[in-house]
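Structure at a glance
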Amino acid sequence: MTRAAVFSSQAFVTEGLREANRIVMTQHLTDDAYGSVARPRRRYGLFAGLAAALLLIGYWLSPYVAATRFALAVQSGDSAGAISRMDVVGLRNSFARQIVQAYLARNPQLRNLDPLKRQVIGGVATGYVAAIVADYLTPEALSELLAQGRTRSAAGALVGDSAAFPPIDRIGRAFELFMASGFTGLDSFAVQPEMTVYKLNFGLRGGRWLLRSVVLPEAMINRLADELTTRTATQP
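Residues numbered from 1 in each chain as written. Predicted model: local features only at pLDDT ≥ 70, side-chain atom pairs only at ≥ 80, totals over all residues. Heavy atoms only, no water.

Describing helix H5 (residues 139-148)
Summarising burial for H5: seven of the ten residues are buried, a large majority. Inspection of H5 places Pro139, Ala141, Leu142, Ser143, Glu144, Leu145 and Leu146 among the buried residues, and these make up the whole buried set. Of the residues trailing H5, glycine 149 is marked for its positive phi of about 80°. (Buried < 20%, exposed > 50% of the residue type's maximum accessible area, 1.4 Å probe, protein only. Helix = DSSP H or I, 4+ residues; strand = E, 2+ residues; numbered from the N terminus.)

Regarding the pattern of salt bridges
Summed over the entire model, instances satisfying the criterion amount to four salt bridges. The residue aspartate 135 makes a salt bridge to arginine 231 at a minimum N-O spacing of 3.3 Å. Taken together, the residues aspartate 135 in helix H4 (residues 115-136) and arginine 231 in helix H8 (residues 218-233) connect sequence positions 96 residues apart. On the basis of relative accessibility, which here comes to 44%, the residue aspartate 135 falls in the partly exposed class. Arginine 231 is the partner of glutamate 227 in a salt bridge, and the nearest nitrogen-oxygen pair spans 2.8 Å. Placement of the pair is glutamate 227 and arginine 231 together in helix H8, with a separation of four residues, close to one helical turn. On the basis of relative accessible area, glutamate 227 is assigned to the buried category, the value being 19%. Linked by salt bridges that have partners in common, Asp135, Glu227 and Arg231 make up one network. (Salt bridge = Lys/Arg side-chain N within 4 Å of Asp/Glu carboxyl O.)

A few points about the sheet that holds strand E3 (residues 199-205)
Taken together, four strands build an open sheet; the order of strands is E1-E2-E3-E4 and the sheet is antiparallel. For this open sheet the edge positions go to strand E1 (181-185) and strand E4 (208-215), each flanked by a neighbour on one side alone. Averaged over neighbouring strand pairs, the angle between their axes works out to 30° when direction is ignored. Where strand E2 (residues 188-191) lies against E3, four bridges are found, and the strand directions are antiparallel. What sits directly across from phenylalanine 189, in E3, is phenylalanine 202. (Pairing = 2+ DSSP bridges. Axes fitted to C-alpha atoms, helices over the stretch in contact; angles between N-to-C directions.)

Quick word on the pairing of E4
Sheet analysis places E3 next to E4, joined by seven bridges and oriented antiparallel. Paired with lysine 199 across the two strands is valine 215, which belongs to E4. Where E3 hands over to E4, the hairpin turn is made up of two residues, of which glycine 206 adopts a positive phi near 60°.

Things to note about the environment of phenylalanine 95
Its location among the elements puts phenylalanine 95 in helix H3 (residues 88-106). We classify phenylalanine 95 as buried; its relative accessible area is 1%. As a C-alpha pair, phenylalanine 95 and leucine 137 span 42 residues in sequence and 7.9 Å in three-dimensional space. Apart from residues lying up to four places away in sequence, phenylalanine 95 is in contact with Val133, Leu137, Leu142, Val214 and Leu216. (Contact = heavy atoms within 4.5 Å.)

The structure is reproduced here in structure tokens:
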């Protein structure tokens, strides 16, 4: 092989090595650039996942905290604190529905009336139901019923006595309250301990869990339904 051929071969090899080195360096720089972009993305994704998990945990815990605070306010006799955690309009509507249902069940003859008479009676009954709820099932009276099982107001004789809501006076009671509670929907939550006759339904409103309805004892509702029957019977 001539000297010129040798020099030509060496130049070719040298140029090939330079090209290979350039490719390797370019790939290395590309990997570094991609990694510098991917790392922040992974970091942001991790932060977003943690934030979402914390939000879900906070949402899941929030009604339990609200129910506990309501129970503690009732237990301590803090009527103002308990009422501030009530959806008063929702409570009145729930009491009215329970009274009307019991009223219709205890007066089956009303089902045989023609639609016009039922509508007239329904309109009259609605006014009386609102008055009964305003007279006997005020937020203050409800707080006393849950705290003591009775109320000292004028409604006491008609509403009668019932089991009070169990006090949270030890860890075991708190755990019982936790086990007797649960979600009934995305924005609804119920509490019904075994040792009480009440079922408390909380609803999410304006970012707060408020007591939306209370299922009253059957005997109490029946007495209120009989009061409705008495009032409608005196209607001229």
